[in-house]
Amino acid sequence: MGRVSRRAFAVAALSAFTMVPSASAAPEGNGKSGGKAASAMRGVWLATVANRDWPSKPGLTAAQQRAELTAHLDRAVRDRLNTVIFQVRPTADALWPSPYEPWSQYLTGTQGKDPGWDPLGTAVEQAHARGLKLHAWFNPYRVATHADPTRLAADHPARTNPDWVVTYGGKLYYDPGLPEVRAFVQDAMLDAVAKYPLDGVHFDDYFYPYPVAGQTFDDDAAYREYGAGFPNRAAWRRDNIDKLVRETADRIKQIRPGVRFGISPFGVWRNAATDPQGSDTRAGVQTYDDLHADTRKWVRESWIDYIVPQLYWNIGFAAADYAKLVPWWAEVARGSSTQLYVGEALYKAGDPAQPAAWQDPAELSRHLTLAGRHAQVRGHVFFAAKDMAADRIGAMARVVADHYGQPAPPPRRVTAR
C-alpha cells in the first residue's frame, strides 16, 4: 500500500506513471475537542524491499535491527497512528522462519541466512505492546528484482520449480496462471497467519506486473492449458487474480477468523474514456486492463475487508485529480462491507522533483479535509515509514496537528462476508 509495491519498487513504479490518479481521506475530525476521536484507520507502510524503510541496510546486528524497528513503531505512536503495515514477504522470501521460503536477503545481505531473530514475531509483539495493530504485508508473485535465478538461494522454490517463473522487465515473477503457483503462494503467506496473532493481511498493487514497453509476459503455456472457456487472455488473467483474492480471503477466515484482509491497489481502476463506470482521469495505467486486477469488483462484491487505493497525486493534478478520485472511490464503496481508506503519498512531500503542490506542507492535510467530506472514507495510510521519520517539510506534523489531535481506534470490520 502502494505504496511500493511499493516501496522502493512500488515507488518507482508509481512515479513512472505520474499521469495517474489521486485520493481521499477519512471522516474523523481533528479530535481537538477532547476525548478520543472517532474510529479511523491511521496507518503507515513499513517497507523492506531493497531496504526502503527498514532495516536501513542489510547486515546490521539483530540488536541494531530491533532498535530500528521499534523506533518506527515509537514514531507511529507519537504521530497518533494506530496501524503499521509491515512488509514481510517482499520478494518470495520471508521475514519470519518459514518452512516454505528462504529468509529475506534484506536482513543479512544473503538470501536464506538466518538473522538470529524473528522480525515478524517481534513486530507483532512490540506493536501490540504499544497499542498498535500490525498488518502483515505480502507481495504474492514477485520473485526477484533481478532476472538471474542463480542469484536466488539454492533451495528457493523458484529454482526447484523453474517452470513456475516468468522473466519480464528484468525481474522474475511467479506465473499467476498456474494453479500450483496460486496454491503455493497462499501456503507461504498463510503460514504467517497461522503462527502469529496478526491483525491483518495486506497485498499491495503488484498482481500481473506493470507493463514494460516492447515486452510480453510469457504465460503462453499456462494459457494454453487453463485458458479454455475465456473470451480472451485478459479475462483469463483477471480470473486468476480473482481466484487468488477470494481463496486467500476464505483461507484467512478458516485459519484466524479475526484477521482482516486488505489490498492497496494502484489508484485508477479504469479511466472513464475506457469505461463509463471509470473515474474522470487520464491514467497511463489502469489496474483492470494492465495489471488484470478488477479492484472495483472486489469492493462491490465485498470480497475483502478493506481497500486502500494509492491516490498518490495532488489536488488539482490534471491527469488524476485527488479531488475527483476520492468521490469516485467513495461511490464504489457505498453499500459494500469493504471499508475504504486512502493511500497518501507522504514520500512526495518536499521532494524537489515533484510538482509545486508537494512543496506545500499543507497539501496532505488538505487531502484529509477533503476526504472527510465523504462518509465512506474511513481513514488513511501513509507511504512510508522512512518519510514519516524524516518529515522533510513538516507535512506529517501538519496532518497530526490538524487532524490527529487525539488517539483514535482503528475501524472494526463491517458485516461478515
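Residues numbered from 1 in each chain as written. Predicted model: local features only at pLDDT ≥ 70, side-chain atom pairs only at ≥ 80, totals over all residues. Heavy atoms only, no water.

Colleague: Sorry, what's going on with the sheet that holds strand β7 (residues 200–203) here?
Modeller: Paired through their backbone hydrogen bonds, the strands of a sheet run either parallel or antiparallel. Read once around its circumference, the closed barrel built from eight strands follows the order β1-β2-β3-β7-β8-β9-β10-β11, with strand pairing classed as parallel. Where strand β8 (residues 260–263) and strand β9 (residues 306–307) come together, two bridges link them in parallel fashion. Of the residues in β9, the one forming a bridge with Ile 263 is Ile 307. Helix α8 (residues 233–255) contacts β7 and β8 of the sheet and is inclined by roughly 160° relative to β8. (Pairing = 2+ DSSP bridges. Helix = DSSP H or I, 4+ residues; strand = E, 2+ residues; numbered from the N terminus. Contact = heavy atoms within 4.5 Å. Axes fitted to C-alpha atoms, helices over the stretch in contact; angles between N-to-C directions.)

Colleague: Can you help me understand the sheet that holds strand β4 (residues 142–144) in this one?
Modeller: Spatial strand order, β4-β6-β5: three strands in an open sheet with antiparallel pairing. Pairing within the sheet leaves two strands with one partner each, and these edge strands are β4 and β5 (165–168). Adjacent strand axes in the sheet meet at a mean angle of 35° when their direction is disregarded. Relative to strand β6 (residues 171–174), β5 is paired through four bridges, and the arrangement is antiparallel. Residue pairing across strands places Tyr 168 opposite Lys 171, the latter belonging to β6.

Colleague: Got a minute to help me understand the side chain of Thr 122 in this structure?
Modeller: For Thr 122, the location among the structural elements is in helix α4 (residues 119–129). Overall, the relative accessible area of 16% leaves Thr 122 in the buried class. Not counting residues up to four positions away in its chain, the partners in contact with Thr 122 are Leu 69 and Trp 117. (Buried < 20%, exposed > 50% of the residue type's maximum accessible area, 1.4 Å probe, protein only.)

Colleague: Is there a simple way to explain the packing of aromatic side chains in this structure?
Modeller: Any two aromatic rings considered together are summarised by their centre-to-centre distance and by the angle between their planes. Inspection of every chain in the model, using the stated rule, returns 26 aromatic pairs. A centroid spacing of 6.1 Å and a plane angle of 90° characterise the contact between Trp 96 and Phe 138, whose relative ring orientation is edge-to-face. Placement of Trp 96 in the loop between β2 (83–89) and α3 (105–108) and of Phe 138 in strand β3 (residues 133–138) is noted, with a sequence separation of 42 residues between them. The residues Trp 96 and Phe 138 share a single accessibility class, namely buried. On the numbers, 5.7 Å between centres and 75° between planes, the contact of Tyr 312 with Tyr 347 is edge-to-face. Residue Tyr 312 is located in the loop between β9 and α11 (322–333), and its partner Tyr 347 is located in the loop between β10 (339–344) and α12 (363–371); the two are separated by 35 residues in the primary sequence. With respect to class, Tyr 312 is no different from Tyr 347; both count as buried. These aromatic residues form a ring-pair network of at least three members: Trp 45, Tyr 206, Tyr 210, Phe 266, Tyr 312, Trp 313, Tyr 347 and Phe 383. The ring of Tyr 206 has Arg 142 sitting right over it, with the charged end atom 5.1 Å from the ring centre. When the ring centre of Trp 269 is taken as reference, the NZ or CZ atom of Arg 296 above it lies at 5.5 Å. (Phe/Tyr/Trp six-rings, centres within 6.5 Å; stacked < 30°, edge-to-face > 60°. Lys NZ or Arg CZ within 6 Å of the ring centre and 35° of its normal.)

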